[in-house]
Amino acid sequence: MAIEDSPESRLRYGEELRSRREGAGLTQEELSVRAIMSRTHIAHIEAGRRRPTLDDARRLDDVLEAGGVLVRFLPSRGDGRVAERFAEAMELEQRATMIRTYAPRLVPGLLQTKAYAHEIFRSGFPPRTEEERDALLVTRLARAKVFDDFKSPVAWYLLDEEVLRRPIGGPSVMCAQLRHIVDLGERGRIRVHVLPFSVGFHALVEGFVSLMWFNDLPPVAYVEGQNFGRVLEEPAVVRDCQALYEHALGDALSHNASLALIKSVADDYEHAEQP
């Protein structure tokens, strides 16, 4: 039977991990090296502040020769509404005080309208049932409630122009999606910067990255590719990601110029929809 993810189950899991680590005569630093994880991440797991991923649990179990215990008793959401590789990042974004995201091809999840998200789930591979798509849609839209608080998180979005031009769902869906982004930007809820095609190669051209800051945790970076996603915690690696973001931001349009471009592209979609 799966163990439901909760503060209590995480604390018990952390206590079990600490007991087995100490029983093996390892410090957190020594375990981090052998399990290819950061010492900080292990400290957070042992304190019950973070839920390990399935890959984390497997590596820890192998190093500590726990016989599968750290995998079998891993707290799990168990609802299938988010990919395991993204589960940790989704939880962190709900706790973040600042988020800075670069999106190369698609509108980031927190900004997606219902129709845009529905098209992504409908067209994705492997195919999903209607019930599965509805469950995913509910989860995605619930994530955006983080913007109900006007002050936190402070959110910046760096969008490649491809995000605006790729017609997900057709002209009407794209028009509504882009106007939603403009509305958030004009109300001051988010800052938006577009990297136009004319920039050519830029520092973040190779993939999605989301940088997050917190009141009670060190900053992290989440990077994502095809069937891949990972939360990065090593301070030097996170600083590198932050520097890449700043470098790319320097090539982007200003907030106001970006909103003007997004409006213009939305108008184009609206005109394309008219007979």
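Residues numbered from 1 in each chain as written. Predicted model: local features only at pLDDT ≥ 70, side-chain atom pairs only at ≥ 80, totals over all residues. Heavy atoms only, no water.

Participant: Give me the packing of aromatic side chains: which residues, what numbers.
Facilitator: Overall, the coordinates contain one aromatic pair when judged by the stated rule. A ring pair is formed by Phe 208 and Tyr 222, whose centres lie 6.3 Å apart and whose planes are at 75 degrees; its orientation type is edge-to-face. You can see Phe 208 sitting in strand E4 (residues 208–213) and its partner Tyr 222 sitting in strand E5 (residues 220–225), a full 14 residues away along the chain. The buried category is assigned to Tyr 222, whose relative accessible area is 2%. Over the ring of Trp 156 we find Arg 100, and its NZ or CZ is 3.7 Å from the ring centre. (Phe/Tyr/Trp six-rings, centres within 6.5 Å; stacked < 30°, edge-to-face > 60°. Helix = DSSP H or I, 4+ residues; strand = E, 2+ residues; numbered from the N terminus. Buried < 20%, exposed > 50% of the residue type's maximum accessible area, 1.4 Å probe, protein only. Lys NZ or Arg CZ within 6 Å of the ring centre and 35° of its normal.)

Participant: Before we move on, could you go through unusual backbone geometry and cite the residues and values that matter?
Facilitator: A cis amide bond links Ser 152 to the next residue, Pro 153, at an omega of 0 degrees. Take Pro 153: it is sitting in the loop between helix H8 (130–143) and strand E2 (154–160). In this structure, Ile 36 takes a positive phi of about 55 degrees despite not being glycine. On the secondary structure map, Ile 36 appears in the loop between helix H2 (28–35) and helix H3 (39–46). For Ile 36, a relative accessible area of 62% puts it in the exposed group. Residue Glu 65 is not a glycine yet carries a positive backbone phi of 50 degrees. Looking at where Glu 65 falls in the secondary structure, it is placed in the loop between helix H4 (54–64) and helix H5 (69–72).

Participant: Which residues make up the layout of surface pockets, and what values go with them?
Facilitator: The computed volume of the second largest pocket comes to approximately 570 Å³. Together, 21 residues line the second largest pocket, and Thr 53, Asp 56, Arg 59, Arg 230 and Val 231 are the ones closest to its centre. Of all the secondary-structure elements, those providing two or more residues to the lining of the second largest pocket are H4, helix H6 (84–95) and strand E6 (228–232). Among the elements that make up the lining of the second largest pocket, the one with the highest residue count is E6 (five residues). For the lining of the second largest pocket, the per-class residue count stands at seven nonpolar, four polar and 10 charged. (1 Å grid on protein atoms, 1.4 Å probe; cavity = no way out; pocket = protein on both sides within 12 Å on 5 of 7 lines; lining within 4 Å. Points joined across faces, edges and corners; volume = space filled by probe spheres on them. Nonpolar A, V, L, I, M, F, W, Y, C, P; charged D, E, K, R; others polar.)

Participant: Lay out the side chain of Glu 46 in plain terms, naming residues and giving numbers.
Facilitator: Along the chain, Glu 46 falls in helix H3. Polar side-chain contacts of Glu 46 include one of 2.6 Å to the side chain of Arg 21. (Polar contact = N/O pair within 3.5 Å; in protein donor to acceptor, adjacent residues only side chain to side chain.)

Participant: Tell me about the pattern of salt bridges, and name the residues and values.
Facilitator: Taken as a whole and assessed by the stated rule, the structure comprises 17 salt bridges. Residues Arg 179 and Asp 267 are paired through a salt bridge, measuring 2.8 Å at the closest nitrogen-oxygen approach. With Arg 179 in helix H10 (residues 171–186) and Asp 267 in helix H12 (residues 255–273), the pair connects residues that are 88 residues apart, well separated along the chain. The salt bridge partner of Lys 263 is Glu 186, with a shortest N-O separation of 2.6 Å. (Salt bridge = Lys/Arg side-chain N within 4 Å of Asp/Glu carboxyl O.)

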